[in-house]
Amino acid sequence: MDTAPMEQAYATTRGVLANVSPEQMDDPTPCASWTVRELINHMIGGAMWAAGAVQSGTSDSDGSDTPDFTDGDYLASFDEGVANVTEAFGSPEAGDKTLSLPFGEIPAPVFMGFATTDAFVHGWDLAKATGQSTDLDPEFAQGMLDVSRANIQDEFRGPDGQAPFGPEQPAPAGSSAADQLAAFLRRTV
């Protein structure tokens, strides 16, 4: 599969991650149940979990049982996770797989779309939490917004921790595409 969009999402998020200071690790994020530390651990652990799920075709875990990557070089751990997930989705056989995951059977290309959206929007979460600009990669963000609006159905929405996406929130007039995407995916802009 073509991993270029996923790589672009991760590259944008890495740019945000590189500007996070150790003093911000316990700060809250737009993800109600996570601090900056927990969000970073989710991003890194999620990439590594997704890579394993694609390689094996299955996972009983939801990817939440990860170590604390913020105790070490979290940029290096992030880069390792991105390399692993990119390699897994980019393998010749990945596009034909249907994955057996805790939330159901899902074709690998669809799962890659979710992983791409997750990587980009969590970059927005991290930017918002750490006082960085949330106007991330405008052209890419607009494409992600268009795809998300076309593909995310109401049955994928619910309370935090119980559904992949929460209810859409309003975005102020003139909001950037990344802010609109974040609002579409439950965030308060």
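Going by the structure above, here's the rest.
Please read these numbers as outputs of a predicted model, since none were measured by experiment.

**Overview of the environment of Ala18**
So, point 1. With respect to the helices and strands, Ala18 occurs in the loop between helix 1 (4-17) and helix 2 (36-56).
So, point 2. Residue class for Ala18 comes out partly exposed when judged on its relative accessible area of 40%.
So, point 3. With 70 residues separating them along the chain, Ala18 and Ala88 place their C-alpha atoms 24 Å apart.

**Focus on the nonpolar core**
So, point 1. In terms of nonpolar packing, the biggest core is built from 54 residues, with Tyr10, Ile40, Val85, Phe89, Phe111, Phe120 and Leu126 touching the most fellow members.
So, point 2. The set of elements that each furnish at least two residues to this core consists of helix 1, helix 2, helix 3 (74-90), strand 1 (98-101), helix 4 (108-129), helix 5 (138-151) and helix 6 (177-184).
So, point 3. For Phe120, the residues in contact, after removing those within four places along its chain, are Ala9, Thr12, Thr13, Leu136, Asp137, Phe140, Ala141, Met144, Ala178 and Leu181.

**Here we look at the pattern of salt bridges**
So, point 1. Under the defined criterion, the tally for this structure stands at four salt bridges.
So, point 2. Arg37 is the partner of Asp26 in a salt bridge, and the nearest nitrogen-oxygen pair spans 3.5 Å. With Asp26 in the loop between helix 1 and helix 2 and Arg37 in helix 2, the pair connects residues that are 11 residues apart, well separated along the chain.
So, point 3. Its relative accessible area of 58% is what places Asp26 among the exposed residues.
So, point 4. Given the relative accessible area of 23%, Arg37 is considered partly exposed.

**Points about the packing of aromatic side chains**
So, point 1. A full pass over the atoms with the stated rule returns four aromatic pairs.
So, point 2. Each residue in the set Trp49, Phe89 and Phe111 is aromatic and connected to the rest through ring pairs, giving one cluster.
So, point 3. Sitting over the face of the ring of Phe184, Arg157 holds its NZ or CZ atom 4.5 Å from the ring centroid.

**So, the packing of helix 2 against helix 3**
When two helices pack together, their arrangement is given by the angle between the helix axes and by the axis-to-axis distance.
So, point 1. Viewed as axis vectors pointing N to C, helix 2 and helix 3 meet at an angle of 25 degrees, and their least axial separation amounts to 8 Å. One way to sum up the angle between helix 2 and helix 3 is to call them roughly parallel. Considering the relative orientation of helix 2 and helix 3, their crossing is left-handed. Each of Ile40, Ile44, Ala47, Met48, Ala50, Ala51, Val54 and Gln55 in helix 2 lies in contact with helix 3, whose residues at this interface are Tyr74, Ser77, Phe78, Glu80, Gly81, Val82, Asn84, Val85, Ala88 and Phe89.
So, point 2. In the contact of helix 2 with helix 3, the residues fall into 13 nonpolar, four polar and one charged.

Calculation notes
Residues numbered from 1 in each chain as written. Predicted model: local features only at pLDDT ≥ 70, side-chain atom pairs only at ≥ 80, totals over all residues. Heavy atoms only, no water. Helix = DSSP H or I, 4+ residues; strand = E, 2+ residues; numbered from the N terminus. Buried < 20%, exposed > 50% of the residue type's maximum accessible area, 1.4 Å probe, protein only. Core = buried A, V, L, I, M, F, W, Y, C linked by side-chain atoms within 4.5 Å. Contact = heavy atoms within 4.5 Å. Salt bridge = Lys/Arg side-chain N within 4 Å of Asp/Glu carboxyl O. Phe/Tyr/Trp six-rings, centres within 6.5 Å; stacked < 30°, edge-to-face > 60°. Lys NZ or Arg CZ within 6 Å of the ring centre and 35° of its normal. Axes fitted to C-alpha atoms, helices over the stretch in contact; angles between N-to-C directions. Parallel < 35°, antiparallel > 145°, perpendicular 65-115°, else oblique. Left-handed = near helix turned anticlockwise from the far one by under 90°. Nonpolar A, V, L, I, M, F, W, Y, C, P; charged D, E, K, R; others polar.

By themselves, these observations are geometric and do not establish any function.
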